[in-house]
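Examining the three-dimensional arrangement
Listed below, chain by chain, are the residues.
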Amino acid sequence: MTEKYNMPDERGHFGPYGGIFVAETLIPPIQELNAAYHQYLNDPEFIAELDADLKYYVGRPSPLYYAERWSRELGGAQIYLKREDLNHTGSHKINNTVGQALLAKRMGKTRIIAETGAGQHGVATATVAARLGLECVVYMGAVDVARQSLNVYRMKLLGAKVVAVESGSKTLKDALNEALRDWVTNVDNTFYIIGTVAGPHPYPAMVRDFQAIIGRESKQQCQEATGRLPDALVACVGGGSNAIGLFYPFIEDESVKMYGVEAAGDGIATGRHSAPLCAGRPGVLHGNRTYLMADDDGEIIETHSISAGLDYPGVGPEHAWLKDTGRATYVNITDTEALEGFYALTRMEGIIPALESSHAMAYTMKLAPTMSKDEIIIVNLSGRGDKDMQTMAKREGIEL
Amino acid sequence: MSRLAAKFEELAKTGRKALIPFITAGDPRPDFTVPMMHAMVNAGVDVIELGVPFSDPMADGPVIQRASERALAHKMSLRRTLEIATEFRKTDQETPVVLMGYLNPIEAMGYEDFANAAQRAGIDGVLTVDLPPEEGLECSTLLKARDIDPIFLLAPNSSDERVKKMDAAGSGYIYYVSLKGVTGAGHLNTTDVETKLQQIRANTRLPVAIGFGVKDAQTAKTVANIGDGVVIGSALISKIEANLDDPEQAKNEIIELLTSIRQALDSYRA
């Protein structure tokens, strides 16, 4: 693919995917957001403020770390970790919330809402809301509230109201439903900060653009460290924001392979997983057309993953497009394999990854040995594992 | 002329307002719906909106969400909703039936298969909450070719341009969502509705039914008088929810409420 990549079109389509599929009340705020986004995207003052926030508040650039021991141990490609775990609040999510919060401020919105799965996006949203003095409400599935209680506490400390969503499967998709219901009720003063590259246009493109700094930095850092482009990129995919952030600046570099890693949960064959690209079908949910986990009647199926952040039945529409065009390859990793990735990185490099990122680590353990020693993989270490300590300790039968 | 167009024409001639109940197909159980539909017709309703249960009803409040969950627990689906409509049509060829739901079940069936199945089931209109006209052209063209009206929503924040768009894309009637919020919310302001309806009327000649937040005969009468009809959903489903162990009682209470609304609406006749 050497031709210029310029997705999406102006109505937010990535081929047959994306678009705007929302109830009528949300059309005006989406049009308003789209106009503001395009205005400020090219506004030097806005860009300067965003860049300063990313540098001094988030702590960018994040390092591209050469995992020398782990590379040697796996005996194949040289592995570089993009250290998004070192960002303020502990994951890549803040890249996007800083950007959207600046937009909200310029649009005169006084109230911020967000959905969250693992709580990383909720924390990143509560953080920027606290800093800007904006009211903040975070919707989180009741199941996730229970398994990510540390992040719930962090959000509350930051002054956010956390609403446990009791409808449906009580996970991320239901949190998104509830956030949409809030937005439809409070459209005039409320800005909805979506945390992933899903939702109605312009969210998939906008969140990608805010996250693309991951890939831009990686490209430059890889050049500096090795004098060339990487051969492969690996990132976990739930909604897909950290993956698209890494992939996007490399899309036109056809020598760079891209691997998106979905959560296979108990295994694809069991049906208990969260891998719509690997085992789903196209459909419409949460404002866009994309691959979904749905049954023959079009009802959304409950998903499963050890990581709350990947426990989502849809995926960003751009990933659907990259899959269909063959530009990116989507693979899957089970809960058990993800845990192996978690322990490997922890013990081999002294870095405890988030369970979401552990899926990317686990796939890297499969991929690296198939590549030669002079090849390079960049893996997105999208978040740190602190939030998962309770889950892990519980699995090991330890009371904290 | 479609059954819906004929119905609204007849209502306009006689100076009556349309009473449009909404119930979710298969709630609280599949065998409840067809007898309920016939009973509502006997109570004087003009059009029936039949909700297609969906796992993720993003525009609905808690009452209709739970109705969907109850129906889905009985394996209700778009296909089975169409079976219910077919059953109803066996003994009622007059009352227009409008399907109301979300896009994904229709996507899963395929637009053309759905349009054919809806036609066979005697469906008169299809209102897809998350399918705005920009994305809905393919589906609405297939529906219109089968004399099924694609019905679109308008909201309090819809611009003149949007109203014109719905006028061009839709037929049958326009469903005006009387408040910013989800179904069954409780803050409907009739003065606002009145102001908005003037803007809508200036840009479309389609009949306008008003819904969301209509709970009782008094509100129904007021909003129906502003528009051409009134949609009442959550208030009916609340009766089902309050009588889950006694569906017959739920049916009686729904009929009682609809009868009182019918009387209130007709008391406005000139």
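Conventions used here
- Throughout, a residue's number is its position along its own chain's written sequence, starting from 1.
- The naming scheme follows written order: chains are lettered A onward, ligands numbered 1 onward.
- Where local features are concerned, this predicted model is filtered to residues with pLDDT of at least 70; where side-chain atom pairs are given and counted, the filter is 80 or more; whole-chain, interface and lining totals use all residues.
- Excluding hydrogens and water, the side-chain values take into account all heavy atoms of the structure.
- Working definition: helices are DSSP H or I runs of at least four residues, strands are E runs of at least two. Numbering for both runs from the N terminus.
- A radius of gyration in this sense is built from C-alpha atoms; the matching globule rule multiplies 2.2 Å by the number of residues raised to 0.38.
- The classification of residues rests on relative accessible area computed with a 1.4 Å probe and restricted to protein chains. Under 20% of the type maximum is buried, over 50% is exposed, and intermediate values are partly exposed.
- By definition in these notes, contact holds between two residues if any of their heavy atoms fall within 4.5 Å.
- Surface exposure here means Shrake-Rupley accessible area, sampled with a 1.4 Å probe, where a residue is shielded only by the protein chains that are shown.
- Counted as positive: Lys and Arg. Counted as negative: Asp and Glu, with His and the chain ends omitted from the count.
- Charge positions are represented by NZ for Lys, CZ for Arg, CG for Asp and CD for Glu.
- Pairing between strands requires that DSSP locate at least two bridges from one strand to the other.
- The rule for a disulfide is simple: a pair of cysteine sulfur atoms within 2.5 Å.
- Each patch groups residues whose relative accessible area exceeds 30% and which form no salt bridge, using 9 Å between like charges and 5 Å between nonpolar side chains of Val, Leu, Ile, Met, Phe, Trp and Tyr.
- Any Lys or Arg side-chain nitrogen located within 4 Å of an Asp or Glu carboxyl oxygen qualifies as a salt bridge.
- As a working definition, buried area equals the accessible area (1.4 Å probe) given up by two parts on being put together, with both sides summed.
- Residues adjacent in sequence count toward polar contacts only when both atoms are side-chain atoms; beyond that, a polar contact is any pair of N or O atoms within 3.5 Å, and within protein one must be able to donate a hydrogen and the other to accept it.
- Residues are sorted three ways: Asp, Glu, Lys and Arg are charged, Ala, Val, Leu, Ile, Met, Phe, Trp, Tyr, Cys and Pro are nonpolar, and all the rest, Gly among them, are polar.
- Whenever a helix is involved, its axis is fitted only over the stretch in contact; in every case the axis is a line through C-alpha atoms, and angles between N-to-C directions fall within 0 to 180 degrees.
- Working rule for angles: under 35 degrees goes down as roughly parallel, over 145 as roughly antiparallel, 65 to 115 as roughly perpendicular, anything else as oblique.
- A clockwise turn of the near helix away from the far one marks a right-handed crossing, whereas an anticlockwise turn of less than a right angle marks a left-handed crossing.

Let's talk about the overall build of chain B
When helices and strands are counted, chain B shows twelve helices and nine strands. For 270 residues, the compact-globule estimate of 2.2 N^0.38 gives 18 Å, and the C-alpha radius of gyration of chain B, at 17 Å, lies within 12% of that figure. The buried share of chain B, reckoned over its 270 residues, is 63%. Restricting the contact set of chain B to residue pairs at least 6 apart, pairs at least 24 apart contribute 73%. Carbon and sulfur atoms make up 48% of the accessible area of chain B, which amounts to about 10200 Å² in all.

A few points about the overall build of chain A
When its secondary structure is counted, chain A shows 16 helices and 14 strands. A compact globule built from 400 residues would reach a C-alpha radius of gyration of about 21 Å, and chain A, at 19 Å, matches this within 12%. In terms of principal-axis extent, the alpha carbons of chain A reach across some 55 × 50 × 45 Å. Considering chain A as a whole, with its 400 residues, one finds that 65% of them fall into the buried category. The long-range share in chain A, meaning contacts at least 24 apart out of those at least 6 apart in sequence, stands at 74%. For chain A, the exposed surface amounts to about 13700 Å²; the carbon and sulfur share of it is 50%. Mean positive and mean negative side-chain charge positions of chain A (38 and 50 charges, respectively) differ by 3 Å.

As for the sheet that holds strand S11 (residues 281–285) of chain A
Read from one edge of the open sheet, four strands run S1-S2-S12-S11 (chain A), paired in antiparallel fashion. In this open sheet, the two edge strands, each paired with only one partner strand, are strand S1 (13–14) and S11 of chain A.

What about the pairing of strand S2 (residues 48–51) of chain B?
All names here are of chain B. Side-chain alternation along S2 places Ile48 and Leu50 on one buried face and Glu49 and Gly51 on a second face that is also buried. Sheet topology places strand S1 (residues 18–24) next to S2; three bridges connect them, and they run parallel. Within S2, the residue paired with threonine 24 across the bridge is glycine 51.

Observations regarding the state of the cysteines
Chemically, a disulfide is nothing more than a covalent bond linking the sulfur atoms of two cysteines. Residue and element names in this part refer to chain A. Overall, the coordinates contain zero disulfides over all chains when judged by the stated rule. Among the cysteines around cysteine 278, which has no disulfide bond, cysteine 236 carries the closest sulfur, lying 13 Å off. Among the residues examined, cysteine 278 registers a relative accessible area of 29% and is labelled partly exposed.

Considering a nonpolar patch on the surface
All names here are of chain A. A surface patch of nonpolar side chains, about 380 Å² in accessible area, is lined by Ile352, Met389, Ile398 and Leu400. Locating isoleucine 398 in the fold gives a position in the segment after helix H16 (389–395). By relative accessible area, which is 46% here, isoleucine 398 ends up partly exposed.

Concerning the interface of chain A and chain B
Counting residues at the interface gives 37 residues for chain A, matched by 37 residues for chain B. Of the roughly 2800 Å² buried where chain A meets chain B, counting both sides, 47% is carbon and sulfur surface. Summed over the three residues of chain A that lose the most area to chain B, namely Glu24, Arg181 and Glu299 of chain A, the buried surface amounts to 24% of that side. The partner of glutamate 24 of chain A in a salt bridge is arginine 162 of chain B, with the nearest N and O atoms 2.7 Å apart. Where chain A touches chain B, the interface holds 19 residue pairs in polar contact (both at pLDDT 80 or more). Every element with two or more residues in the side of chain A that touches chain B is listed here: strand S2 (17–21), helix H1 (27–41), helix H8 (172–185), S11 and strand S12 (287–292) of chain A. Top element by residues in the side of chain A that touches chain B is H8 of chain A. It accounts for eight residues. Residue composition of the side of chain A that touches chain B, by class: 15 nonpolar, eleven polar and eleven charged.

Some words on the sheet that holds strand S5 (residues 149–151) of chain B
Residues and elements named next belong to chain B. The sheet built from nine strands is open, its strands ordered S5-S4-S3-S2-S1-S9-S8-S7-S6 with parallel pairing. Looking at which strands have only one partner, the edges of the open sheet turn out to be S5 and strand S6 (153–154). Where S1 meets strand S9 (residues 229–232), four bridges bridge the pair, whose relative direction is parallel. Paired with isoleucine 20 across the two strands is valine 231, which belongs to S9. Together, S6, strand S7 (174–177) and strand S8 (208–211) form the strand contacts of helix H9 (residues 190–201), whose direction differs from that of S8 by roughly 150°. Along the sheet, helix H10 (residues 217–226) contacts S8 and S9; its crossing angle with S9, the most-contacted strand, is approximately 140°.

Side note on the pattern of salt bridges
Side-chain pairing between opposite charges can occur once the charged atoms of the two side chains come close. If you walk through the whole model with that rule in mind, you get 44 salt bridges over all chains. We note a salt bridge from lysine 251 of chain B to glutamate 248 of chain B, for which the minimum N-O separation is 3.9 Å. Pair noted here: lysine 251 of chain B and glutamate 248 of chain B are both in helix H12 (residues 247–266), with a separation of three residues, about one helical turn. Look at lysine 251 of chain B and you get buried, because its relative accessible area is 19%. Linked through salt bridges whose partners overlap, the residues forming this network are Glu24 of chain A together with Glu134, Arg162 and Lys165 of chain B.

Brief notes about the side chain of aspartate 231 of chain A
Within the fold, aspartate 231 of chain A resides in the loop between helix H10 (213–226) and strand S9 (232–236). Ignoring any residue separated from it by four or fewer positions in sequence, one finds aspartate 231 of chain A in contact with Ser255, Val256, Lys257, Met371, Asp374, Glu375 and Ile376 of chain A.

Focus on the environment of arginine 347 of chain A
Residue and element names in this part refer to chain A. Positionally, arginine 347 belongs in helix H14 (residues 335–349). In this structure arginine 347 comes out as exposed when scored by relative accessible area, which is 62%. Taking the C-alpha atoms as reference points, arginine 347 and threonine 325, separated by 22 residues in sequence, lie 38 Å from one another.

Re the packing of H9 of chain B against H10 of chain B
How two helices sit against one another is set out by the angle between their axes and by the gap between those axes. Residues and elements named next belong to chain B. Remark: H9 packs on H10, axes separated minimally by 9 Å, with the N-to-C direction vectors making an angle of 20°. Taken as axis vectors, H9 and H10 run roughly parallel relative to one another. In this structure, H9 meets H10 at a crossing whose hand is right-handed. Together, Thr190, Val193, Glu194, Leu197 and Arg201 of H9 and Thr222, Val223 and Ile226 of H10 make up the contact between the two elements. The residue inventory of the contact of H9 with H10, partitioned by class, reads four nonpolar, two polar and two charged.

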